[in-house]
Amino acid sequence: MERAAVVAGLGGWVPPTVVTNDQLAEVLDTTDEWIRSRTGIRERRWVSPGQSTGDLAVEAARRALSSAGEEAVDAVVLATSSPDRLCPATAPEVAARLGLGAAPAFDVAAVCTGFVYALATGAGMIALGAADSVLVVGADAFSTILAPDDRSTRVIFGDGGGAVVLRAGSPSEPGALTGLNLGSDGTLSDLIEVPAGGSRQRSTGLPAKTEDTYFTMQGQAVYAQAVRRMAESVRETAARTGWSLDEIDSFVLHQANARILTAVARRLSLPPERFLSNIGTRGNTVAASIPLALADTVASGELRPGHKVVLAGFGGGLTWGSVALVWPHLAVHPTELSEFAATSAGPAGSTV
Ligand code: UT7
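Residues numbered from 1 in each chain as written. Predicted model: local features only at pLDDT ≥ 70, side-chain atom pairs only at ≥ 80, totals over all residues. Heavy atoms only, no water.

Caption draft 1: Region of interest: the sheet that holds strand β11 (residues 250-253). Strand order in this open sheet of four strands is β8-β13-β12-β11, and the pairing throughout is mixed. Both edges of this open sheet fall to β8 (178-184) and β11, since each of them pairs with a single strand only. Put simply, the sheet's adjacent strands are angled 15 degrees from each other on average, direction ignored. As paired elements, β11 and strand β12 (residues 308-315) share four bridges and run parallel to each other. When the bridges of β12 are listed, L253 appears paired with A312. Along the sheet face, helix α5 (residues 114-128) touches β8, β12 and β13 (319-326) and points at about 125 degrees away from the line of β8. Sitting on the sheet, helix α11 (residues 289-299) is in contact with β11 and β12, with an inclination near 140 degrees to β11. (Pairing = 2+ DSSP bridges. Helix = DSSP H or I, 4+ residues; strand = E, 2+ residues; numbered from the N terminus. Axes fitted to C-alpha atoms, helices over the stretch in contact; angles between N-to-C directions. Contact = heavy atoms within 4.5 Å.)

Structure (C-alpha cells):
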C-alpha cells in the first residue's frame, strides 16, 4: 500500500514579551497607523535576552508531540534561518533537549518557505520508509538579526516556533499531505539577505561591516514576487490534488503582510475570508509562520476538521512552495497559555 505522511500533531509557541507598534514608534521613525495599514500587524512577540531559536523550537515541539500523543519520533527536521549558531545545525541540540536519543536531526534553510520545504523533507523520509514519524519544526528569532535602526524590517518580524508531527499513514486519510509543489529563483537571491557572516564575506579576509551583519529586504520587489509565486504555487498544488480552487475551504499562507493575502485571494478570484491570518498579533515569524497560523486558527475555530486546506510559503532564496491536506481531528494546546508555558523563557525585559 502507498505510504503517505499524515499530520498527527500540531503545536505553536511564542515568547512572552509583547512588542506593540506604539513601543516601536517610540524608538523608530514610524507610527502605529503606518504599520497597521501597510502590514496588518498590531503587535508581535520578541525573545528576551538569552532566548534563542532553539528555545522556541523546543517549546513548539513539546506541544506538537503532546498533541500527537507521542514521546518519541524517528527524525527531526528544523526549518530556520536564524540558527542558534552558524555551525552546527540547531536541530540536533533541539532533539537532545526533547530526549529523542540518537534520532537524525538537521536544519533546512529556505527562510520563510522553510516550513514547507521541511514538510517535504519529512514526508519524503516517510515515503521512503526511512522513518515512520518525523517532527517538523519551523522556528525563527528574527528580532535578533534585524538592524536596531531599520524601520523597514524591524516593524514586520516577530519571533516564534511551530511544529507538526508527521506519521506514516494512508493517502486517503485526513491529514495526509498531497499535491506538493516547490520552487526557487536564485537569480533574485539579493532581494532578501544577510550579506555578511558567510564564506563569501569571510573569504575576503576583511572584517564584516556592521550593517552587513543584519537582515535586509527589498520590500516592494519581494511583495510582487510573493503574490505571484504563492498564487501560482497554490494553483499547481490544487491541480495536483485534483481540487478546484473553489472547493478549498481554507488557505494558510505565509503571514508576511495582510495585503499580500488579500492580493493572492484577488489573483485567484477567491473570497479573502478563506485566507486565514494571525498576522495582527504575531507579525512575520518566518519559518514559524505557517505552523503558528495553523495552531492559532485551530484554537480560534476558523480551521476545522474536514476542511480542505492548502498551505503556501514564500521567502528568501527566492523560494516558494505549497502542499494540500484535509484538516484532521487534532488536540492542540493553545499557543500562549498551557501547562507548558514559559518553561524555557529567559528573563522578562524590554527587548525593543
Ligand atoms: O517574509 C518573506 C517575504 N517577505 C514579504 O513578503 C514582504 C513583502 N513586502 C512588504 O510586505 C512591504 O513591501 C513592506 C511592508 C515591507 C513595506 O510596505 P510598502 O507599502 O511596500 O512600503 P515601501 O517600501 O514602498 O515604502 C513606502 C514608504 C517609504 O517612504 P518614501 O520613500 O515613500 O518617502 C518608506 O521609507 O514608507 C516608508 N517606510 C516607513 N514609514 C513608516 C518604510 N518603512 C516604514 C515604517 N514606518 N516602518
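Caption draft 2: The arrangement of the site of the ligand in detail. Around the ligand, a shell composed of 23 residues is seen, among which T30, R38, Q220, N257 and N284 lie nearest. G219 places a main-chain nitrogen or oxygen 3.0 Å from a nitrogen atom of the ligand. One of the side-chain nitrogen or oxygen atoms of N284 is found 2.7 Å away from an oxygen atom of the ligand. Elements represented by at least two residues in the shell around the ligand include exactly α2 (32-39), α6 (151-154), α8 (219-241) and α9 (258-267). For the shell around the ligand, the residue count by class is 11 nonpolar, eight polar and four charged. (Near = heavy atom within 4 Å. Polar contact = N/O pair within 3.5 Å; in protein donor to acceptor, adjacent residues only side chain to side chain. Nonpolar A, V, L, I, M, F, W, Y, C, P; charged D, E, K, R; others polar.)

Caption draft 3: Highlighting the side chain of T241. Along the chain, the position of T241 falls in helix α8. For T241, a relative accessible area of 19% puts it in the buried group. A distance of 2.7 Å separates a polar atom in the side chain of T241 from the backbone oxygen of T237. Aside from chain neighbours lying at most four places away, what touches T241 is T178, G179 and A324. (Buried < 20%, exposed > 50% of the residue type's maximum accessible area, 1.4 Å probe, protein only.)

Caption draft 4: Layout of the side chain of Q201. Locating Q201 in the fold gives a position in helix α7 (residues 199-202). Of note is the side chain of Q201, whose polar atom sits 3.1 Å from the backbone oxygen of L206. Apart from the residues within four sequence positions on either side, Q201 is in contact with P195, A196, L206, P207 and A208.

Caption draft 5: Broad picture of the pattern of salt bridges. A full pass over the atoms with the stated rule returns 14 salt bridges. For the salt bridge of R85 with E93, the shortest nitrogen-to-oxygen distance reads 3.2 Å. By relative accessible area, which is 38% here, E93 ends up partly exposed. For K308, the salt bridge identified is with E247, shortest N-O distance 2.5 Å. Taken together, the residues K308 in strand β12 and E247 in the loop between α8 and β11 connect sequence positions 61 residues apart. When salt bridges that share partners are traced, they join E59, R62 and R63 into one network. (Salt bridge = Lys/Arg side-chain N within 4 Å of Asp/Glu carboxyl O.)

Caption draft 6: Examining helix α3 (residues 53-68) more closely. Over its 16 residues, α3 extends 22 Å from the first C-alpha to the last, a length consistent with the 22 Å expected when each residue adds 1.5 Å. In terms of burial, α3 is largely enclosed, as 14 of its 16 residues are buried. Just downstream of α3 lies G69, where phi reads positive at about 70 degrees. (Expected span 1.5 Å × (residues − 1).)

Caption draft 7: Summary view of the nonpolar core. Counting 46 residues, the largest nonpolar core has M230, V234, F251, L253, V264, L268 and F275 as the members making the most contacts within it. Contributing elements (two or more residues each) for this core: α8, β11, α9, β12 and β13. In terms of residues, this core owes the most to one element, α8, which gives seven residues. Look past the residues within four positions of L268 in its chain and what remains in contact with it is A231, V234, R235, L245 and F275. V7, V108, L166 and L276 belong to the second-largest nonpolar core, a separate cluster that totals 34 residues. (Core = buried A, V, L, I, M, F, W, Y, C linked by side-chain atoms within 4.5 Å.)

Caption draft 8: Structural detail: the sheet that holds strand β5 (residues 105-108). Across the sheet, which stays open at both edges, the five strands sit in the order β1-β7-β6-β4-β5 with mixed pairing between neighbours. Both edges of this open sheet fall to β1 (4-13) and β5, since each of them pairs with a single strand only. Strand-to-strand, the axes of this sheet are offset by a mean angle of 20 degrees, without reference to chain direction. Direction of pairing for β1 relative to strand β7 (residues 160-169): antiparallel, over a ladder of nine bridges. Paired with A4 across the bridge in β7 is G169. Relative to β1, α11 is tilted by about 80 degrees, and along the sheet it contacts β1 and β7.

Caption draft 9: Representation of α11 within the structure. With 10 of 11 residues buried, α11 is to be regarded as a mostly interior element. The set of residues buried in α11 consists of S289, I290, P291, L292, A293, L294, A295, D296, T297 and V298. Next to the buried residues of α11 lie β1, α5, β7, β11, α10 (279-282) and β12. Where α11 ends, the next residue or the one after it, G301, has phi of about 85 degrees, a positive value.

Purely geometric stuff here, so don't read any function into it on its own.
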